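# An overview of the molecular structure
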Amino acid sequence: MTAVESRAVTPRTAPTENPDELARLVVTCIDRPGVVARVSSFLAEHAANIVQSDQDTTGPSGGRFFLRIVFHLHDLAIQLPALEHAFAVEVARPLGADYSFRPVAARTRTVVFASRHDHCLLDLLWRTRRGELPVDVVHVVSNHPDLADDVAAFGIPFTHIPVGPGGKEEAERTQLELLRDCGTELVVLARYMQILSANFLHAVGAPVINIHHSFLPAFAGAGPYTRAKERGVKLIGATAHYATEDLDEGPIIEQDVVRVDHRATVAELTRRGADIERTVLARAVAWHCDDRVLVDGRTTVVF
């Protein structure tokens, strides 16, 4: 993957194929000789043609092996269930592998959480409407009502769930019920200014992607750009990661930075920070939904 390709937000598929007949297979297992041969032979035996393939390993002998394949199969919708069952018996079980199949045309049912900052939320909704992200944003949840009209303009349901003093547990119960009702496959925290509890993360049943500025842990809390200006910071950046119980320490999906100098005002630093936050978050969401992000403990493999 070149540096230019790694910056893309729009998911990449084989342009000459019918997307309705393309699927992705992701495999993770202990590395050993013959894994690629076994998987590719299986697909060939079932008349599936590999059109794209990425692989990596943490060590050639006993390390973790990661494989992402895009393949073409006629009558995919009809054949995929049987193909998945056969793969489980013939390949995954002998290899002790974790795996997933997903049609390329499938869109990820996504719920976005936000507070008062609108830049990441509205950017995601705009990119989704333009077809740049393979998601269906089925709901927006906020602990403030401020962005309700903006979200309504996109025709997406908006629910205000306040999180008052002592009300966090009740708010999270309501949020979890909403997520279950929506059939949520992904939760995106688009500058949602609340800490999710361990109980919520255990019960959510879907990956949670978070975005934050690059100053953590140095400038945690309010006014990070004011403190950055005071300290003469020369790089502004953002990090997108999976949310875990360890605050802002989950596996990192994407990061980026932009250089600034002493002339930049606090307002300029804040604006440039918002710009990079939304692009980093959009890339992370696109790559996750395109099955390009494979978690390996506290880190990730991103194809």
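Above this text sits the structure in question.
Residues numbered from 1 in each chain as written. Predicted model: local features only at pLDDT ≥ 70, side-chain atom pairs only at ≥ 80, totals over all residues. Heavy atoms only, no water.

### Some thoughts on the environment of F71
Applied cut-off: Here a helix means four or more residues in a row that DSSP labels H or I, a strand means two or more in a row labelled E, and each is numbered from the N terminus.
In this fold, F71 is placed in strand β3 (residues 64-72). Measuring from C-alpha to C-alpha, the distance between F71 and L25 comes to 7.8 Å, with 46 residues separating the pair along the chain.

### Topic: the state of the cysteines
Applicable threshold: Only a pair of cysteine sulfur atoms within 2.5 Å counts as a disulfide in this structure description.
Applying the stated criterion across every chain yields a total of 0 disulfides. Unpaired in terms of disulfides, C289 finds its nearest cysteine sulfur in C182, a separation of 16 Å.

### Some thoughts on empty space enclosed by the protein
The cut-off we apply is this: Space inside and on the surface of the protein is sampled on a 1 Å grid over the protein atoms alone, with a cavity defined as a set of points where a 1.4 Å probe fits but cannot get out and a pocket as an open set with protein on both sides within 12 Å along at least 5 of 7 lines; lining residues have an atom within 4 Å of a point. Grid points are joined across faces, edges and corners, and a volume is the space filled by probe spheres set on the points. Put simply, Ala, Val, Leu, Ile, Met, Phe, Trp, Tyr, Cys and Pro go in the nonpolar bin, Asp, Glu, Lys and Arg in the charged bin, and everything else, Gly too, in the polar bin.
Inspection of every chain in the model, using the stated rule, returns 2 cavities of 30 Å³ or more. Within this model, the largest cavity holds a volume of roughly 40 Å³. Taken together, T110, V112, L124, T128, L133, V135, V137, V188 and V285 form the lining of the largest cavity. Looking at the lining of the largest cavity, the elements that each hand over two or more residues are β5 (108-114), α4 (119-129) and β6 (135-142). The residue inventory of the lining of the largest cavity, partitioned by class, reads 7 nonpolar, 2 polar and no charged. Reported here for the second largest cavity is a volume of approximately 40 Å³. V163, K168, A171, E172, Q175, Y192, Q194, I195 and L196 are the residues that line the second largest cavity. When grouped by side-chain class, the residues that make up the lining of the second largest cavity number 5 nonpolar, 2 polar and 2 charged.

### Some details on α4
Our working definition: Here's how the labels work: a residue is buried when its accessible area is under 20% of the maximum for its type, exposed when over 50%, partly exposed in between, all with a 1.4 Å probe on protein chains only. Should any heavy atoms of two residues lie within 4.5 Å, those residues are considered in contact.
Among the 11 residues in α4, 8 count as buried, and that is most of the element. For α4, the complete set of buried residues consists of H119, C120, L121, D123, L124, L125, R127 and T128. Each element contacted by the buried residues of α4 is listed here: β5, β6, α5 (148-152), β8 (186-189), β9 (208-213) and α9 (266-289).

### Describing the packing of aromatic side chains
Rule in force here: Planes of paired rings set the category: under 30 degrees apart is stacked, over 60 is edge-to-face and the rest tilted, where pairs are Phe, Tyr or Trp rings (Trp by its six-membered ring) whose centres lie within 6.5 Å.
The final tally for this structure, using the stated rule, is 7 aromatic pairs. With centroids separated by 5.4 Å and ring planes inclined at 85 degrees, the aromatic side chains of F87 and F101 adopt a geometry described as edge-to-face. On the criterion of sequence distance, the pair formed by F87 in helix α3 (residues 76-95) and F101 in strand β4 (residues 98-103) is long-range, its members being 14 residues apart. For F87, a relative accessible area of 0% gives the class buried. Given the relative accessible area of 10%, F101 is considered buried. Each ring, one from F113 and one from F200, has its centre 6.3 Å from the other, and the planes form 65 degrees; the classification is edge-to-face. On the criterion of sequence distance, the pair formed by F113 in strand β5 and F200 in helix α7 (residues 198-203) is long-range, its members being 87 residues apart. Owing to a relative accessible area of 0%, F113 belongs among the buried residues under this scheme. Joined through ring pairs, the aromatic side chains of F42, F71, F87, Y99 and F101 make up one cluster.

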